[in-house]
Amino acid sequence: MKTLVIVESPAKGDKIQKYLGKDYVVVASKGHIADLAKGGKYGIGVDIVNNFKPHYVISEDRIDTLNNIMKAAKTCDQIFIASDPDREGEAIAWHLAKRLEDFGKPIKRMVFNEIKKDKLLKAVKDVRDIDMNLFHSQEARRILDRLVGFMASPFLMNCIGPKLSAGRVQSVVTRMVIDREREIEEFVPETFWTIQVNLSSDNKNGFFTKYSGKLTDLKTAESIRNKLSAANAKFTVTN
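From a predicted model like this one, the values you see are computed outputs, not experimental measurements.

K.L.:
How should the sheet that holds strand 7 (residues 78-81) be read in this particular structure?
P.N.:
Through backbone hydrogen bonds, the strands of a sheet pair up, either in parallel or in antiparallel fashion. Strand order in this open sheet of 4 strands is 2-1-7-8, and the pairing throughout is parallel. Both edges of this open sheet fall to strand 2 (24-28) and strand 8 (107-109), since each of them pairs with a single strand only. Sheet twist, expressed as the average angle between the axes of neighbouring strands with direction ignored, equals 25°. In this structure, strand 7 lies alongside strand 8, joined through 3 bridges in parallel fashion. Directly across from Ile 81, in strand 8, lies its bridge partner Arg 109. Most of the contacts of helix 1 (residues 10-20) go to strand 2, to which it runs at about 175°, and overall it touches strand 1 (3-7) and strand 2.

Here is the structure:
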């Protein structure tokens, strides 16, 4: 039985081919073969209206690489995708699997941390399905990257200068989302009253000023309101 093994790095591929032997055909994807669309009818590659659905396209500089992988797949009985053991590697595996599934051959995920013969021989015996949780983790990060990068960068460039962009945002955005989610989970509803006054010196250019404290007692709030509403109430703007 002939097995196609797809790795990321061509340099690693030569060494892995040597260890696995003639029953295996090792080829390299050279990293990601697909990415979110950019420009044209698909805009930024994320359909914001339709539940943030991503639209992927094959990277132009990977078309020949993918064609070579598909040619090799035709000559083999099964396919092991041995991209790196992280969420980026899982995404690479998913995109490769989607484009090779029409060949109707078994596709499995092969994972190893060291390029040693014993580790590789164990890895080919312990193949698994693609981890969709890892893939979706990478996909969510990439979508956030695109949304914030493409939408915030032009704003920053216009306001601050052409050399500033939003860049890679996943870690910061993830922290913000987690912190906000914890605030929501820990939130305890309570009743309180706010007091604000519209001040103006000429009855034209007014502004609102708001009491900064939190009034949880209705009688206290009403008492303050009555004092502020009195005809002889005086207000001094110090800042």
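K.L.:
Just checking my understanding: could you explain unusual backbone geometry for this structure?
P.N.:
Generally, phi is negative for residues other than glycine and the peptide bonds are trans, each holding for most cases. Residues other than glycine seldom take positive phi values, yet Asn 51 does so here, at roughly 55°. Structurally, Asn 51 is set in the loop between strand 4 (46-47) and strand 5 (53-54). Since its relative accessible area comes to 68%, Asn 51 is described here as exposed.

K.L.:
Could you clarify how one ought to interpret the environment of Pro 85 in this entry?
P.N.:
You can see Pro 85 is positioned in the loop between strand 7 and helix 3 (87-100). Judged by its relative accessible area of 43%, Pro 85 is partly exposed. Separated by 26 residues in sequence, Pro 85 and Val 111 have C-alpha atoms that sit 5.9 Å apart. Apart from the residues lying within four places of it in its own chain, the contact partners of Pro 85 are Arg 109, Val 111, Phe 112 and Asn 113.

Calculation criteria
- Residues numbered from 1 in each chain as written.
- Predicted model: local features only at pLDDT ≥ 70, side-chain atom pairs only at ≥ 80, totals over all residues.
- Heavy atoms only, no water.
- Pairing = 2+ DSSP bridges.
- Helix = DSSP H or I, 4+ residues; strand = E, 2+ residues; numbered from the N terminus.
- Axes fitted to C-alpha atoms, helices over the stretch in contact; angles between N-to-C directions.
- Contact = heavy atoms within 4.5 Å.
- Buried < 20%, exposed > 50% of the residue type's maximum accessible area, 1.4 Å probe, protein only.

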